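A look at the structure
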Amino acid sequence: MSDFVSGFWSPYITVMVLTGVIGCGVFLWLQGRARYVAGQTMGHVWDETLEEYNNPLPNWWRWMFFLTVFFALGYLALYPGLGSYRGQFGWSSQGQYNREMAAADATYGKIFAVYLKQDLKTVAADPKAREIGQRLFLNYCAQCHGSDAKGGKGFPNLTDKDWLWGGTPDKIEETILNGRNGIMPPFAVLGPEPIQDLANYVRSLSGLSHDPARAAKGQPLFASSGCTACHGADARGNPMMGAPNLSDKIWLFGSSEATIVETITQGRNLTMPAQKDFLGAAKVHLLAAFVYGSGGGVDAPPTPVTQ
Amino acid sequence: MSEVAPPPQTQDTVAIEQSLYEVHHKIHPRAVTGWFATWRWSLVWFTQLLFYGLCWLPWNGRQAVLFELAERKFYIFGLIFWPQDVFYLAILLIVAAYTLFLFTAIGGRLFCGYACPQTVYTEIFLWIERKIEGDRHARIRLDDEPLSARKLSLKTAKHGAWIAVALWTGFTFVGYFTPIRTLASEVLSLSLGPWETFWVLFYGFATYGNAGWMREQVCKYMCPYARFQSVMFDPDTLIVTYDAKRGEPRGSRSKKADYKAEGKGDCVDCGICVQVCPTGIDIRDGLQYECIGCSACIDACDQVMDKMHYPRGLIRYSTENALLKNWGRKEILGHILRPRIMIYGAILVLIIAAAAAGLASRQPLKVDVIRDRGTLEREEDDGMIENSYRLQIMNVSETAHRYTIGVSGLNGIEVEHQRIVEIPAATTHSVVVEVHAPPESGKKGFNRIYFEISAVDDAKIAVREPASFLLP
């Protein structure tokens, strides 16, 4: 529990709570000595004839009230409640969460651990492991990559043969474990005209419609502006730095001239978050096997995503 | 009608100051036989055979009635209710409420007097008490006696029997949530789980405490229904009443003397109506909030009237209006069919009919469509527009089925890859489905489409679920 900002509140709350609880007890005790006259009403009348009598309460009921007072004091001694006092049990919601997670890991960790010892390609071929992998994927990955793993704008398709960072089992697992950060720097300094020339050149690489005159002007720019440093002289990309292949028909953000101009002008900054600390190695192993087996893995036979 | 009767104005209570807290005085109800007692015992047998027996009934290789909380499935004979069916629970509660309104408006606290678990278990516990300790006088004497070996053995025997019944009740109760045969073997092998142990003991303790010790105090101080039901009473509601005109002035008399000449009424003031009362009230003081409408006093008084050769019914079911206007049986019965009763009855019949129709047409298949949120739409290589969905397909039936997944709503729309999924009995599968359609088949933005899921092996099982399809 994070503490109060001001030292005033902890004693203030302690005093308020204790006064309230003990006050209730004192009031109950005083009521035990109170007397009433049988048959007298409290003077309250509703609906013309409905009167309130001061009928006695059973004694055991009063003892239940006392019980709540003792319970409250016992609770406040054991659990947090009196300002910053943590209670004898030292309970915290964070601690309970950690205990429950540890208990869950002890139970379910065994299921995952079996697969961690196996080779990733073996896991990918195991239907049971694929089922677990798909569930993990739908829970943790589908938000960006889609339920069918086909991705979306800015999120790569995992079922095709095109890989930004490499599609071998090891590379996929590495990507999920440590995350990736792909940066395309902005080239706005080139000016709008040269950027448009570059865009036309890039489109020509994939065999898309383009302005040949602009593409011809763009070709020398591609090398001189530094594009080749990442995308390579042949524009086939570099999986070492996550630079995409520009000569295929697969486009992360879109292939229209306007989109390519936007990409060159503003640059792109892509992050795949690391899952090692969040999911742990065993779950990542299953996920990597699922992704590898979903059709896109290099050396893997293409199979459709099935239930 | 006075809601709360004033405490009896006897001489020693007037103007004497008392503690605000009442010390409990044990009530020792006297055994009673007769028409109404037989009815009550019939209902005790009926409800308890149902309660103790139903959980042992097998059905389709499982327990007929089982509320599986961990799996979130309620099995009731051929039906399986899922959390999505909570609607039927609401209907059940509404039906229960209207049944209560209807019967209370007709006959007062009929539920309290005959069918309420508190009454039923108190009746069972009282029967045990009577078998072991004897009837009212023997019990009063025993309770006043100092502790002796005999008293100790009788009390031990009684509490032992009570605890046995209470534990069996707790065990049966838990048996509706954990399969009772599993539970039984767990009990026998002493491997009962901590929560099952807790609930068996808790429910057993509640039974023992409420039926053995608390009894009428549950009705007087704890039950909310006992308080709010008075609003359902009206002057034509049947209530247990003492005919004061006929009975008063009460008094003991010689059987031979002409009591009418002595100016006495029919009440012989034997006090048996008070002795049999489980809440310890005197019905001759009029309708009181403590009265649970059990009619024990009617049975008792009728027997006394028979012995005196007076007509029965000095204490009887009557209505406020009937007493006031000297109505006979025919007029009382004639007033049962009044607008209030007909409205309650009509609503009850309507709700039951609607629920029955709903249950009869209930599909043993449920589908939830969840559209992918991360990606709106994708253009495929051939120019078709693709959207992806997750279908949560729930097979609510008790047999495995194969389902085909189809889609309609746009020209040329289809599910990619022919989709047939097999789902085992009473399970849910999440199926990822990609749907594509030509870009010119609809308007830009959202288009209404329908997923059609039907069982391959049973044409009657088919569900049509709306979804939206995005076009650029």
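Residues numbered from 1 in each chain as written. Chains lettered and ligands numbered in written order. Predicted model: local features only at pLDDT ≥ 70, side-chain atom pairs only at ≥ 80, totals over all residues.

Structural notes on the overall build of chain B
Here is the rule we go by: Per the convention used, a helix needs a DSSP run of H or I reaching at least four residues, while a strand needs a run of E reaching at least two, with both numbered from the N terminus. As a reference, a globule follows 2.2 Å times the number of residues to the power 0.38, and the radius of gyration itself is taken over C-alpha atoms. The exposure scheme places C-beta atoms from the backbone and then counts, for each residue, the other C-beta atoms within 10 Å of its own, assigning buried at 20 or more, exposed at 12 or fewer, and partly exposed in between. Placing a C-beta atom from the backbone of each residue, one calls two residues in contact when those atoms lie within 7 Å.
When helices and strands are tallied, chain B shows 16 helices and 18 strands. In terms of overall size, chain B is more extended than a compact globule, its C-alpha atoms giving a radius of gyration of 32 Å where 472 residues would be expected to give roughly 23 Å. Each of the three principal axes of chain B carries a C-alpha extent, and together these read 110 × 60 × 45 Å. Looking at the 472 residues of chain B, the share that counts as buried comes to 27%. Partitioning the contacts of chain B with sequence separation of at least 6, the portion at a separation of at least 24 is 68%.

A look at the overall build of chain A
Along the backbone of chain A there are 13 helices and six strands. Against the compact-globule benchmark of 19 Å for 307 residues, chain A has a radius of gyration of 34 Å, which places it well outside the compact range. Each principal axis of the C-alpha distribution contributes one length, and for chain A these read about 110 × 50 × 50 Å. Taken over 307 residues, chain A has a buried fraction of 24%. Long-range pairs, those at least 24 residues apart, make up 65% of the contacts in chain A with a sequence separation of at least 6.

Considering the interface of chain B and chain A
Our working rule: When residue character is reported, Ala, Val, Leu, Ile, Met, Phe, Trp, Tyr, Cys and Pro are called nonpolar, Asp, Glu, Lys and Arg charged, and the others, Gly included, polar. Any two strands between which DSSP finds at least two bridges are classified as paired.
Taken together, the contact between chain B and chain A spans 32 residues of the former and 29 residues of the latter. For the side of chain B that touches chain A, the elements supplying multiple residues, two or more each, are β1 (17–19), β2 (21–22), α9 (216–222), β12 (385–395) and β16 (427–437) of chain B. By residue class, the composition of the side of chain B that touches chain A is 13 nonpolar, 12 polar and seven charged. In this sheet, β2 of chain B lies alongside strand β4 (residues 57–58) of chain A in parallel orientation, the contact comprising two bridges. Counterpart to Leu 57 of chain A in the pairing with β2 of chain B is Tyr 21 of chain B.

Re the confidence of the model for chain B
All names here are of chain B. Put simply, the rule is: The score called pLDDT rates the predictor's confidence residue by residue, from a low of 0 to a high of 100.
Mean pLDDT for chain B: 90, with 96% of residues reaching 70 or above. Model confidence for chain B, summarised as mean pLDDT per element, is weakest for β1 at 73 and strongest for helix α6 (residues 149–174) at 96. Segment residues 1–14: pLDDT under 50, and 23 contacts once partners within four positions in sequence are set aside and those in other chains are kept. On the interface metric, ipTM, the complex scores 0.72, and its pTM is 0.80.

Comments concerning helix α9 (residues 212–224) of chain A
Test applied: A helix is expected to reach a length of 1.5 Å times the quantity of its residues less one. To obtain the bend at a residue, axes are fitted to the seven residues ending there and to the seven starting there, and the angle between these axes is taken.
When the terminal C-alpha atoms of α9 of chain A are compared, their 19 Å separation across 13 residues agrees well with the 18 Å that a helix rising 1.5 Å per residue should span. Helix geometry: α9 of chain A is bent most strongly at Gly 218 of chain A, by close to 25°, with proline Pro 220 of chain A lying one to four residues after it.

Overview of the domain arrangement of chain B
Residues and elements named next belong to chain B. Heads up, the rule is: Where each domain begins and ends is defined by an automated method or by a domain database.
Looking at the assigned domains, one finds that chain B contains domain 1 (1–7 + 24–362) and domain 2 (365–471). Put simply, the middle of domain 1 and the middle of domain 2, counted by C-alpha atoms, are 54 Å apart. Contacts between the two partners involve five residues from domain 1, matched on the other side by five residues from domain 2. For the side of domain 1 that touches domain 2, the class distribution of residues is two nonpolar, two polar and one charged.

Here's the deal with the domain arrangement of chain A
Residues and elements named next belong to chain A. Assigned domains within chain A: domain 1 (1–34 + 42–91), domain 2 (101–179 + 273–296) and domain 3 (183–271). Taken residue by residue, the interface counts 10 residues in domain 2 and 11 residues in domain 3. Of the residues in the side of domain 2 that touches domain 3, the class split is five nonpolar, two polar and three charged.

Let's talk about the sheet that holds strand β13 (residues 401–408) of chain B
All names here are of chain B. Note the threshold: Between N-to-C directions, angles span 0 to 180 degrees; the directions come from axes that are lines fitted to C-alpha atoms, helices contributing only their stretch in contact.
The strand order across the open sheet built from four strands is β15-β13-β17-β18, with neighbouring strands paired in antiparallel fashion. Each end of this open sheet is capped by a strand with a single partner; those strands are β15 (420–423) and β18 (462–471). Within this sheet the neighbouring strands show an average axis-to-axis angle of 30°, counted without direction. Relative to strand β17 (residues 445–455), β13 runs antiparallel, the two sharing six bridges. Across the sheet, the residue bridging to Ser 408 is Tyr 450, located in β17.

A word on the nonpolar core
Residues and elements named next belong to chain B. Under the convention used in this document: Think of a nonpolar core as buried Ala, Val, Leu, Ile, Met, Phe, Trp, Tyr and Cys residues, each tied to the set through C-beta atoms within 7 Å.
Formed by 35 residues in total, the largest nonpolar core has its most connected members in Cys 273, Ile 283, Cys 297 and Ile 315. The set of elements that each furnish at least two residues to this core consists of α4 (117–133), α6, α8 (194–214), β8 (239–242) and α13 (296–308). Considering each element in turn, this core owes the most residues, five residues, to α13. Ignoring sequence-local partners within four residues, the contact set of Ile 283 consists of Val 240, Tyr 242, Cys 273, Cys 291, Cys 297 and Ile 315. Listed in part, the 27 residues of the second largest apolar core include Leu 66, Ala 426, Val 435 and Phe 451.

Re the sheet that holds strand β7 (residues 79–81) of chain B
Residue and element names in this part refer to chain B. Read across the sheet, three strands follow the order β5-β6-β7 without closing on themselves; strand pairing throughout is antiparallel. Because the sheet does not close on itself, it has two edges, and the strands there are β5 (65–68) and β7. With direction set aside, neighbouring strand axes in the sheet form an average angle of 15°. Looking at chain direction, strand β6 (residues 73–76) and β7 are connected through three bridges and run antiparallel. Bridging across to β7, Tyr 75 finds its partner in Ile 80.

Quick word on unusual backbone geometry
Residues apart from glycine generally show negative phi values, whereas peptide bonds are mostly found in trans. Residues and elements named next belong to chain B. Going from Glu 248 to Pro 249, the amide bond is cis rather than trans, its omega being -10°. For Pro 249, the position within the fold is in the loop between α11 (244–247) and α12 (272–275). In the Ramachandran plot, Phe 77 falls in the positive-phi region, its phi being about 50° despite a non-glycine side chain. The backbone of Ala 426 sits at a positive phi, close to 50°, despite the residue not being glycine. Relative to the elements of secondary structure, Ala 426 occurs in the loop between β15 and β16. Owing to 20 C-beta atoms within 10 Å, Ala 426 belongs among the buried residues under this scheme.

Some thoughts on the packing of helix α1 (residues 35–54) of chain B against α4 of chain B
Residue and element names in this part refer to chain B. Here is the rule: Oblique is the label for any angle not covered by the other classes, which are roughly parallel (under 35 degrees), roughly antiparallel (over 145) and roughly perpendicular (65 to 115).
Interhelical geometry of α1 versus α4 gives an angle of 105° and a closest axis separation of 10 Å. By the angle between their axes, α1 is roughly perpendicular relative to α4. Side by side, α1 and α4 meet where Arg 40, Val 44, Thr 47 and Gln 48 of the first sit next to Val 120, Glu 123 and Ile 124 of the second. For the contact of α1 with α4, the per-class residue count stands at three nonpolar, two polar and two charged.

A few points about the environment of Trp 46 of chain A
Its place among the elements puts Trp 46 of chain A in strand β2 (residues 41–46). Sequence separation between Trp 46 of chain A and Phe 187 of chain A is 141 residues, and the spatial gap between their C-alpha atoms is 82 Å.

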